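Single-letter residue listing:
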Amino acid sequence: MLTFNSIDVETANTDCSSICQIGIVHIRNGQITDQWRTLVNPEGEFSPQNISIHGINESTVQHSPTLPEVRDELRTRLHDTILVSHTSFDHLAFERAMTRYGLEPLRVTWLDSAEIARRAWPGSYGQRGYGLKNIAKDFGISFDHHDALEDARVAAEIVLRACDTTKLDLEDWLHRVELPIYP
């Protein structure tokens, strides 16, 4: 039974606690059952580099909720679940943002889809990297890169495909990602 959530965030600047967009995809029994996206006011400056990547700026988020204002929604959607992100960036962003606001960390079990991809297809992406764009291209997945919901969907698709390819389930992957790529 493949049931988990996938998440991605975009940030306003080089401080990874400056979350300005969150996207969540809910997977139940291997199917997308719900999706949620919100802009977040990071209460800080936006760097031109980050704006050029995702297109979100101060005026885009001026009437958006802050992270403390979406905390209950996150808790409702994610509490005590397996939460997939592509690389550890999103995990780190949430840890730092929660600390910044003095909020209790998310109670989830994090699972990295990039680590899964490295083990499911160990010889496939070493030269080009295990980024979402490279993996999505190989699988024919089209998406609007650097939109948090779209990136969360692709991370979920990677996990679903890895489970299908390897016949490992999520519990297996929680252990497998702790082992070397070539055990």
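Residues numbered from 1 in each chain as written. Predicted model: local features only at pLDDT ≥ 70, side-chain atom pairs only at ≥ 80, totals over all residues. Heavy atoms only, no water.

Student: Quick question: what am I supposed to make of the sheet that holds strand β2 (residues 19-28) here?
Tutor: Pairing between the strands of a sheet is mediated by backbone hydrogen bonds and can be parallel or antiparallel. Read from one edge of the open sheet, five strands run β3-β2-β1-β4-β5, paired in mixed fashion. Edge strands, defined here as strands with exactly one partner in the open sheet, are β3 (31-39) and β5 (109-112). Strand-to-strand twist across the sheet, computed as the mean angle between neighbouring axes with direction ignored, equals 25°. With eight bridges joining them, strand β1 (residues 4-11) and β2 adopt antiparallel strand pairing. In the strand pairing of β2, threonine 11 is matched with isoleucine 19. Across the sheet, helix α3 (residues 67-78) is in contact with β1, β2, β3 and β4 (82-85); its angle to β2 comes to roughly 10°. Running over the sheet, helix α4 (residues 89-101) touches β1, β2, β4 and β5 and is turned about 70° from β1. (Pairing = 2+ DSSP bridges. Helix = DSSP H or I, 4+ residues; strand = E, 2+ residues; numbered from the N terminus. Axes fitted to C-alpha atoms, helices over the stretch in contact; angles between N-to-C directions. Contact = heavy atoms within 4.5 Å.)

Student: Sorry if this is basic, but what is going on with the packing of aromatic side chains here?
Tutor: Aromatic rings considered in pairs are described by the distance between their centres and by the relative angle of their planes. Counted by the stated rule, this structure contains three aromatic pairs. With a centroid separation of 5.1 Å and an interplanar angle of 65°, the aromatic rings of tryptophan 121 and phenylalanine 139 are classed as edge-to-face. Pair noted here: tryptophan 121 is in the loop between α5 (113-120) and α6 (132-139) and phenylalanine 139 is in helix α6, with a separation of 18 residues, a long-range link. Look at phenylalanine 139 and you get partly exposed, because its relative accessible area is 23%. (Phe/Tyr/Trp six-rings, centres within 6.5 Å; stacked < 30°, edge-to-face > 60°. Buried < 20%, exposed > 50% of the residue type's maximum accessible area, 1.4 Å probe, protein only.)

Student: Would you explain the pairing of β3 in this entry?
Tutor: Residues in a regular strand project their side chains so that they alternate between the two faces of the sheet. Taken together, the eight bridges between β2 and β3 define a ladder with antiparallel strand orientation. Across the sheet, isoleucine 24 pairs through a bridge with tryptophan 36, a residue of β3. Between β2 and β3, which pair antiparallel in sequence order, lie two residues; one of them, asparagine 29, sits at a positive phi of approximately 50°.

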